[in-house]
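Given next are the chains, with one letter for each unit.
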Amino acid sequence: MVKINAGGCSSFVKDAEYKAYVAKAMKAFDTLEKENGAGNDFLGWKHLPSQTPEELIAACEAVRDGWKAKGIDLVVVIGIGGSYLGARCAIEALSHSFAKQFAGKKDAPEVVFAGNNLSEEYVSELMDLVAQRNTACIVISKSGTTTEPAVAFRIVKEYIEKNYPDASDRIVAITDAKKGALKTLSTQEGYRTFVVPDNVGGRFSVLTPVGLLPIAVAGFDIRALLAGAAEEEKALAVKSEENPAVIYAAARNLLYSEYGKKVEILVTYNPKFQYLGEWWKQLYGESEGKDGKGIFPASVNNTADLHSMGQFIQEGERVLFETVVNIENSNRSVVIGTDPQNLDQLNYLAGQHVEHCSQMAQLGTRLAHIDGGVPQIEVSIERINEHNLGGLFYFFEFACGISAYTLGVNPFNQPGVEAYKKNMFALLGKPGFEALSAEIRKRLA
């Protein structure tokens, strides 16, 4: 279960104001639960944890087992934005930090990601790796024509087709159920396909095949992931002022609307959670950043970033607040030893766990930042595992819906992301964009 503590905001806000924003968040909760708000045709994510069919879970596991039987040791996951960030977050959080450095046969293939950039060096170096490994591919795209993943898939697909007689068994597409270029290609080539639900937007898709299949192929327990999310789904469906999603939505909107806190920093203290910040930034930035409104989402991974961003957070312009993701217990145990010379002056820590040092650094930093004028919200899970990660995904998704409705925007559209695409298509010479191309080139002259 995800827990929340907004006590780090108490010295910054008035109690009556907080209660007023809780009331606003409760109304937004009703809108989300009754499914009568803006964007209500994109609420399919709400009951994914409890309603994901056994057949879908088994199908993901069948791909995993089939590729394992083939000895596949590298899976290239091609997608951008919500089509890869959730899976990457989960895989990096659950993986051994140095899995790539261990020699010998691994229990699951290495999962790498492509189609999230247009770097020629990245793609070339990816193909260096692909050429050395036994490779399969998961391509994720609703349409199949989004430029970044489409470019990567064309290159990876060509290699697989030239080098493996069973190419169609090594490519799985996650795409539209009925239409689109990728669906058409999959039907022609006989690829196995999974469906991106029409009523689930990309940034809310981590608990669909978009996230479940790559996570399963990487060797992690998607049943536990869904079980944790289902537990959180049940807990957050209870209308209450103590509902963690209501508290989070109320606190962040109060700080934004009444106190000028325009920037929210998601703070983690475990390097395994670096991509939690990346996933969270898309979820909240794309859901709330519209109509001239929205909290700017940023992230840091401490204690490393205390030595780079710490000065600004402590004493820079007071436009920010922090949401700290606290992990209560470590999955591993390392105790600091005694050194007879004590040249590093650390013998006072002898016998302590490294995690104890991390917790004290976290507590000390939170207090320092509060004293420096930075309100704090704490979100806690018991430890990093599939169950708790599923709950954390669902918590942030559900709270995002409440928060955006509290702010007064549609959480589920993203009209602004199309602007750059039109310009890019025109500059690349895509058919149908000739007039815009001429206009842009005049402006850039």
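Each remark here, short or long, concerns the structure printed above.
Residues numbered from 1 in each chain as written. Predicted model: local features only at pLDDT ≥ 70, side-chain atom pairs only at ≥ 80, totals over all residues. Heavy atoms only, no water.

Asker: Residue-level account of the layout of surface pockets, with values.
Answerer: Size it by volume and the second largest pocket reaches roughly 920 Å³. Listing elements by their share of the lining of the second largest pocket, those giving two or more residues are helix 6 (147-163), helix 11 (274-288) and helix 15 (419-428). Ranked by the residues each element gives to the lining of the second largest pocket, the list is headed by helix 15, at 4 residues. Here the residues of the lining of the second largest pocket sort into 14 nonpolar, 14 polar and 8 charged. (1 Å grid on protein atoms, 1.4 Å probe; cavity = no way out; pocket = protein on both sides within 12 Å on 5 of 7 lines; lining within 4 Å. Points joined across faces, edges and corners; volume = space filled by probe spheres on them. Helix = DSSP H or I, 4+ residues; strand = E, 2+ residues; numbered from the N terminus. Nonpolar A, V, L, I, M, F, W, Y, C, P; charged D, E, K, R; others polar.)

Asker: Quick one: what's the story with empty space enclosed by the protein, residue by residue and with numbers?
Answerer: Counted under the stated rule, the structure contains 1 cavity of 30 Å³ or more. Estimates place the volume of the largest cavity at around 50 Å³. Taken together, Met1, Val2, Gly228, Glu231, Glu232, Ile381, His387, Asn388 and Gly391 make up the full set of residues lining the largest cavity. Elements with a contribution of two residues or more to the lining of the largest cavity: helix 9 (222-236) and helix 14 (386-407). Looking at the lining of the largest cavity residue by residue, the classes come out as 3 nonpolar, 4 polar and 2 charged.

Asker: With reference to specific residues and values, describe the sheet that holds strand 4 (residues 135-140).
Answerer: Taken in spatial order, the 5 strands line up as 3-2-4-5-6 in an open sheet, and their pairing is parallel. Single-partner strands in this sheet number two, and they are strand 3 (110-114) and strand 6 (192-195). On average, each strand axis in the sheet is tilted by 20 degrees relative to the strand beside it, whichever way the strands run. One ladder, built from 4 bridges, connects strand 4 with strand 5 (residues 171-175); its direction is parallel. Looking at the pairing, Ile138 lines up with Val172 of strand 5. (Pairing = 2+ DSSP bridges. Axes fitted to C-alpha atoms, helices over the stretch in contact; angles between N-to-C directions.)

Asker: I'd like a rundown of the nonpolar core, residues and numbers included.
Answerer: Ranked by size, the top nonpolar core spans 98 residues in total, and within it Trp45, Phe273, Trp279, Phe395, Phe396 and Ile402 carry the most contacts. A total of 13 residues in this core trace back to one element, the largest contributor, which is helix 14. Beyond its immediate sequence surroundings of up to four residues, Phe395 is in contact with Val2, Ile4, Glu232, Leu236, Pro244, Ala245, Tyr248 and Val379. (Core = buried A, V, L, I, M, F, W, Y, C linked by side-chain atoms within 4.5 Å. Buried < 20%, exposed > 50% of the residue type's maximum accessible area, 1.4 Å probe, protein only. Contact = heavy atoms within 4.5 Å.)

Asker: Report on unusual backbone geometry, specifying residues and quantitative values.
Answerer: Leave glycine aside and you will find that most residues have negative phi; peptide bonds, for their part, are mostly trans. Here the amide bond leading from Asn302 into Thr303 is cis, since omega sits at 10 degrees, within 30 degrees of zero. In this structure, Thr303 sits in the loop between strand 8 (296-301) and helix 12 (310-315). Of note, the phi angle at Glu35 is positive, near 60 degrees, even though the residue is not glycine. Tracing the backbone shows Glu35 in the loop between helix 1 (15-34) and helix 2 (48-51). Backbone geometry places Asp291, a non-glycine residue, at a positive phi of 55 degrees. With respect to the secondary-structure elements, Asp291 resides in the loop between helix 11 and strand 8. The exposed category is assigned to Asp291, whose relative accessible area is 60%.

Asker: How would you explain the environment of Gly391 if you had to name every residue and give the values?
Answerer: Note on placement: Gly391 falls in helix 14. For Gly391, a relative accessible area of 4% gives the class buried. In this structure the C-alpha to C-alpha distance between Gly391 and Glu233, which are 158 residues apart in sequence, comes to 7.9 Å. For Gly391, the contacting residues outside a window of four places in its chain are Val2, Gly228, Ala229 and Glu232.

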